[in-house]
Amino acid sequence: MGLKDILKSSTFYEILQGMSVTGSYFVGEKVTVEYPKEQIPPFERFRGVQCLISDPETGELNCDACHICATICPSNCIFIESSEGPDGAKQLDSFVIDLTRCIFCGFCEEACPRAAIAMTSAFEFCTYNKNDLILTKDWLVENQKNLHKELRKR
Amino acid sequence: MAGHESHPTAPPKPRATPEEMRERKRLSRQRVSDDSEFITVSMGPQHPSTHGVYQAVVDLDGEIVVNTRPNIGNLHRGVEKLAEVKSYHRFLPLTDRLDYISSFAMNHAYAEAVEKLMDIEVPRRARYIRTIGDELCRLSNHLLWLGVHVMDFGAQTFFLICFRDREYVMDLWEMLCGARLTHSYARIGGVAADLPDGWVEKCRAAMEFMPRRLAEYQRLVEKNRIFLKRTVGIGIFTREDCVAWRVTGPSLRATGMERDLRKTEPYAAYDEVDFDVAVEYDADVYSRYLVRMKEMYESCRIILQCLDQLPEGDYINQDAPSQTFPRKKQVMRDSAAMVQDFMQTFRGPKVPKGEVYKAIEVPKGEMGVYIVSDGSSIPQRLHLVTPTFYHCQATPALFEGEMISDVVGIFGSVDIVLGDSDR
Ligand code: SF4
Ligand code: SF4
């Protein structure tokens, strides 16, 4: 052991060196945000809770109950019921997404041929009651307010 | 590569040679035979140092580990069985949940195997995007590993520093595919979507800045006496052991074996970029750290090269309508694409009869997918050969003859994630 090593070990050289890195962050730029007060908006492609899209003018849903999303869903968590409407066309009666099973893969959005279902940027949906995670048609239509992207882009 | 010169790898004390290691293991085996009293300690399954729900029941002679009984399967979800009831497309998101730290690499391995079975081409642009994705996974996986590994030795702050920089990679992923952890980004025949606007610049900026951060880590870790004392010469696992137990990835390369599937059996765009295989020769915990550190520098280099050479073109194969999904844009306009979408969803892809095995190099080692197809749109049998399973099975041999206080560090150094081993 040379003089240098003795000097190093008696002065806690490594600790000082480590602390110098730590110290440099006292003056550097802050990288964290205080979450509930400040928020970082998610990116456009973010896959949050789904919504059903309605036509902005007529208010009618784009969805025509074709069951593609329910079939492609890897965890079988979309439940669709349809019946024959007054004019003979298919009519969507209920559209339920079971969020307790959903894995947020985005396949439903991708496969839908009518751009009727989309992933929004909503991610805060914790609840004390599991029944709140069974999303109904009305809830999903309401959730359009969280949709911040332009569909049909890809 | 500028980063490579900054490797001050002079070890502070002579390392244990493989001969010494074998002697140590032999002595510990002798202890088993001369029936001395052992203390049995159970580590895990819910202990922060076991990195997941892994239980190791160790027999101790004093402080020396004599015998280990690993106990895995606490996270079993029956993924392989689930594959037998889902079409090839619908199984893809479930591969995210294997090694959830580097999910895209898992998607990629699965997609490569299915493409090999169907014999379809992947467009060149998609291959480049996949290469970038794989390397981003490697980077985020190794950053997480590094933080946790150093935390095992008691350095709490370092974990947060690694997580700060991992965040840049996570942001890139979120921008690219919409998820931070479970990417589901690969598709059969390509990837899910093209690179978004501004992504290339953002990625390039992050990759140019990352080597500087890595050099900072090296400054913190490689000169730290505690870290060196607890890693150098500890947990030696020789090349023969690695081959016998099928330990792959950085742990194998730390023994001096240049086996890297990216080089030996190039897939995606690895044959079009220039990179070195990180190799070390001492086979101890410190060498495994060095290999991963070098791999991170190499990852940045590969990504930068891919961004420079990124070709134009499609991101998903358009010439195999009976195997792949159409692009969403077309589905809205074109009725043929809509029918294709319909058929892929309700009937699934058209697959020939046969068997394939395809392995790729994921951050933790070699990940293989074995598919037996009977010609229908769901696999008859799908087997996932995941690296962590083999790393867990090697733990008795790894721990044998080591001190109990080193077990945590050695276990961390082979890099495991239990979702991968239990499936
Ligand atoms: S795929 Fe689209 S149009 Fe078809 S049922 Fe689902 S949401 Fe409705
Ligand atoms: S995101 Fe995936 S799991 Fe969730 S409803 Fe859509 S297809 Fe199903």
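The text that follows walks through the structure, step by step, so that each part is easy to find. From a predicted model like this one, the values you see are computed outputs, not experimental measurements.

A few points about the site of ligand 2
Taken together, 14 residues sit near ligand 2, with Cys-73, Cys-102, Cys-105, Gly-106 and Cys-108 of chain A positioned nearest. Among the residues making up the shell around ligand 2, the classes are represented as 11 nonpolar, 3 polar and no charged.

Re the packing of helix α13 (residues 285-309) of chain B against helix α18 (residues 404-413) of chain B
Residue and element names in this part refer to chain B. Two numbers describe how α13 lies on α18: the axes approach to 9 Å, and their chain directions differ by 30°. One finds that α13 runs roughly parallel with respect to α18. Crossing of α13 against α18: the hand is left-handed. Taking contact as the criterion, the partners of Val-285, Arg-288 and Arg-292 in α13 are, on α18, Gly-409, Ile-410 and Ser-413. Looking at the contact of α13 with α18 residue by residue, the class counts come to 2 nonpolar, 2 polar and 2 charged.

Some thoughts on the sheet that holds strand β8 (residues 353-362) of chain B
Either a parallel or an antiparallel arrangement is found when strands of a sheet pair, and the pairing is made through backbone hydrogen bonds. All names here are of chain B. Taking strand neighbours across the sheet as the criterion, the 3 strands line up as β8-β9-β10 in an open arrangement whose pairing is antiparallel. The sheet is open, and its two borders are formed by β8 and β10 (381-385), each paired with just one other strand. Along the sheet, successive strands turn relative to each other by an average axial angle of 10°, direction set aside. Where strand β9 (residues 365-374) meets β10, 5 bridges bridge the pair, whose relative direction is antiparallel. The residue of β10 that forms the bridge with Val-372 is Arg-381.

Points about the pairing of strand β4 (residues 55-61) of chain B
Residues and elements named next belong to chain B. With 6 of 7 residues buried, β4 lies mostly within the body of the structure. Here 5 bridges tie strand β1 (residues 39-43) to β4, and the two strands are oriented antiparallel to one another. Paired with Ile-39 across the strands is Leu-60, a residue of β4. One ladder, built from 7 bridges, connects β4 with strand β5 (residues 64-71); its direction is antiparallel. Directly across from Asp-59, in β5, lies its bridge partner Asn-67. The antiparallel hairpin formed by β4 and β5 contains 2 residues in its connecting segment, where Gly-62 sits at a positive phi of about 65°.

Section: unusual backbone geometry
One non-glycine residue, Ala-115 of chain A, lies in positive phi territory at about 50°. With respect to the helices and strands, the residue Ala-115 of chain A is situated in the loop between α4 (107-111) and β4 (117-119). Even without being glycine, Arg-246 of chain B reaches a positive phi, approximately 55°. Checked against the element boundaries, Arg-246 of chain B lands in the loop between α10 (239-245) and α11 (250-253). Accessibility expressed as a relative area gives 21% for Arg-246 of chain B, which makes it partly exposed.

Structural notes on the interface of chain A and chain B
Counting residues at the interface gives 34 residues for chain A and 42 residues for chain B. Put simply, chain A and chain B have 1 salt bridge between them. The shortest N-O distance in the salt bridge between Glu-110 of chain A and Arg-187 of chain B comes to 2.7 Å. On inspection of chain A and its partner chain B, the count reaches 14 residue pairs in polar contact (both at pLDDT 80 or more). Contributions of two or more residues to the side of chain A that touches chain B are made by α1 (3-10), α2 (13-27), α3 (68-72) and α4 of chain A. In terms of residue class, the side of chain A that touches chain B is built from 18 nonpolar, 6 polar and 10 charged.

Parameters and conventions
Residues numbered from 1 in each chain as written. Chains lettered and ligands numbered in written order. Predicted model: local features only at pLDDT ≥ 70, side-chain atom pairs only at ≥ 80, totals over all residues. Heavy atoms only, no water. Near = heavy atom within 4 Å. Nonpolar A, V, L, I, M, F, W, Y, C, P; charged D, E, K, R; others polar. Axes fitted to C-alpha atoms, helices over the stretch in contact; angles between N-to-C directions. Helix = DSSP H or I, 4+ residues; strand = E, 2+ residues; numbered from the N terminus. Parallel < 35°, antiparallel > 145°, perpendicular 65-115°, else oblique. Left-handed = near helix turned anticlockwise from the far one by under 90°. Contact = heavy atoms within 4.5 Å. Pairing = 2+ DSSP bridges. Buried < 20%, exposed > 50% of the residue type's maximum accessible area, 1.4 Å probe, protein only. Salt bridge = Lys/Arg side-chain N within 4 Å of Asp/Glu carboxyl O. Polar contact = N/O pair within 3.5 Å; in protein donor to acceptor, adjacent residues only side chain to side chain.

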